[in-house]
Amino acid sequence: MDQEIEANPESHPEWEEVVLSDAYTQLMTDDAGGYVIATAPGPLVIRRSGADDQHFARSLADWVWDRVAAFGGRDPRPVRREDESSASTSDPLDPHPDVLAELDRLNDACRAAPGDTDPQVELWTAVTALDHWVIINRGTPEAPRPYSLAGQPGAMLCVYSSATRAKAAAYASGLVPDGDPVPLLAVPLPAALDWVMSFGEHGVVGVTIDHPRLGAWCPLANLPRLRQLREQ
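Here is what the cut-offs are and how they apply
Residues numbered from 1 in each chain as written. Predicted model: local features only at pLDDT ≥ 70, side-chain atom pairs only at ≥ 80, totals over all residues. Heavy atoms only, no water. Helix = DSSP H or I, 4+ residues; strand = E, 2+ residues; numbered from the N terminus. Areas by Shrake-Rupley, 256 points an atom, 1.4 Å probe, with all protein chains shown as cover. Core = buried A, V, L, I, M, F, W, Y, C linked by side-chain atoms within 4.5 Å. Buried < 20%, exposed > 50% of the residue type's maximum accessible area, 1.4 Å probe, protein only. Contact = heavy atoms within 4.5 Å. Polar contact = N/O pair within 3.5 Å; in protein donor to acceptor, adjacent residues only side chain to side chain. Salt bridge = Lys/Arg side-chain N within 4 Å of Asp/Glu carboxyl O. Axes fitted to C-alpha atoms, helices over the stretch in contact; angles between N-to-C directions. Parallel < 35°, antiparallel > 145°, perpendicular 65-115°, else oblique. Left-handed = near helix turned anticlockwise from the far one by under 90°. Nonpolar A, V, L, I, M, F, W, Y, C, P; charged D, E, K, R; others polar. Pairing = 2+ DSSP bridges.

Enquirer: Would you mind showing me how to read the overall build of the chain here?
Expert: For the chain, the helix and strand inventory stands at nine helices and 10 strands. For the chain, the accessible area works out to roughly 13300 Å², and carbon and sulfur atoms hold 54% of it.

Right under this line is the structure:
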């Protein structure tokens, strides 16, 4: 890429006329002629000839830790000032932070006792007690199609406890480029249980919550009992 830009600078007006090595550092490339670069000011962008730069991440370190956090790992970064200001304005599709913390705690209990069904029942009772499930819509608003996974037991439909977690999953999995809008749909409970169960006719065998952060799953056959527990 360096040689092409230097040989034909008029074909690459998006590059400033400076020493290229001082302006950016190449990090990754793809098969579509795009380069992920670290620019001199710091942000990572995807740069393609003839197109505007596309924001990728605030820095290489942020991109790495964003991936770690999206998969449920510990994020050691201090909270930035802009993050502090945005933290008080949660997404309207997000439940109270205490609700999310309780789901994390219950998920940890399931992992600590994989052969015990009681923690699993407690977790999924809490999951089905949410006001709504958020899905990543892979279809259209008129014909929604929830994001799903091909698991060993069969297709798993992915539901999320919050819009924030759904967006993080969409970015981490590459469904949506970082920074782009994520098509979401909030399905109220308990109607969401019937809607999810209807996908059994299309080969779906289970539902998973907050993948990949949590990733616990429940067979569709157990959802009617969970609905009964919710209505008690």
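Enquirer: Would you explain the nonpolar core in this entry?
Expert: Burial of nonpolar side chains together is a common tendency in soluble globular proteins. Within the largest apolar cluster, 26 residues are counted, with the highest numbers of intra-cluster contacts made by Leu123, Trp124, Trp133 and Leu223. Sorting the residues of this core by element identifies α5 (97-112), α6 (117-127), β5 (132-136), β7 (155-159), α8 (191-197), β9 (204-209) and α9 (223-231) as the ones contributing at least two each. Aside from chain neighbours lying at most four places away, what touches tryptophan 133 is Val127, Thr128, Val159, Tyr160, Leu185, Ala186, Val187, Leu189, Ala192, Leu193 and Val196.

Enquirer: What is the right way to look at the environment of serine 173 in this model?
Expert: Along the chain, serine 173 falls in the loop between α7 (163-172) and β8 (184-188). Note: C-alpha distance between serine 173 and proline 212 (39 residues apart in sequence) is 8.9 Å. From its side chain, serine 173 meets the backbone oxygen of alanine 169 in a polar contact 2.8 Å long.

Enquirer: Got a minute to help me understand the pattern of salt bridges in this structure?
Expert: Where charged atoms from two side chains of opposite charge come close, those side chains can pair. Summed over all chains, the structure comprises seven salt bridges. Glutamate 102 is the salt-bridge partner of arginine 105, the closest N and O atoms lying 2.7 Å from each other. Here arginine 105 and its partner glutamate 102 are both found in helix α5, three residues apart, which amounts to about one turn of the helix. On the basis of relative accessible area, arginine 105 is assigned to the partly exposed category, the value being 43%. Its relative accessible area of 32% is what places glutamate 102 among the partly exposed residues. For glutamate 231, the salt bridge identified is with arginine 227, shortest N-O distance 2.9 Å. With glutamate 231 and arginine 227 both in helix α9, this residue pair falls four residues apart, about one helical turn. One salt-bridge network, in which partners are shared between bridges, spans Asp104, Arg165, Asp210 and Arg213.

Enquirer: What is the right way to read the packing of α5 against α6 from this model?
Expert: When two helices pack together, their arrangement is given by the angle between the helix axes and by the axis-to-axis distance. Between α5 and α6, the least distance of the axes is 8 Å, while the angle of their chain directions is 155°. Here α5 lies roughly antiparallel to α6, going by the angle between them. For the crossing formed where α5 meets α6, the hand is left-handed. Touching Leu103, Arg105, Leu106, Asn107, Ala109 and Cys110 of α5 are Pro119, Gln120, Glu122, Leu123, Ala126 and Val127, all from α6. When the residues that make up the contact of α5 with α6 are grouped by side-chain class, the tally is eight nonpolar, two polar and two charged.

Enquirer: Where do I start with the sheet that holds strand β10 (residues 217-219) in this structure?
Expert: By way of backbone hydrogen bonds, the strands of a sheet pair with one another, either parallel or antiparallel. The strand order across the open sheet formed by four strands is β6-β7-β9-β10, and the pairing between neighbours is mixed. The outermost strands of the open sheet, each flanked by one partner alone, are β6 (148-150) and β10. Recorded for the sheet is a direction-independent mean angle of 30° between the axes of neighbouring strands. With five bridges connecting them, β7 and β9 associate as parallel partners. Bridge pairing in β9 places cysteine 158 opposite threonine 208. Each of β9 and β10 touches α6; the most contacted strand, β9, lies at about 80° to it.

Enquirer: Would you mind showing me how to read the environment of proline 119 here?
Expert: Assignment of secondary structure puts proline 119 in helix α6. Assessed through its relative accessible area of 12%, proline 119 is described here as buried. Note: C-alpha distance between proline 119 and leucine 106 (13 residues apart in sequence) is 6.8 Å. Residues within four places of proline 119 in sequence aside, it is in contact with Ala109 and Cys110.

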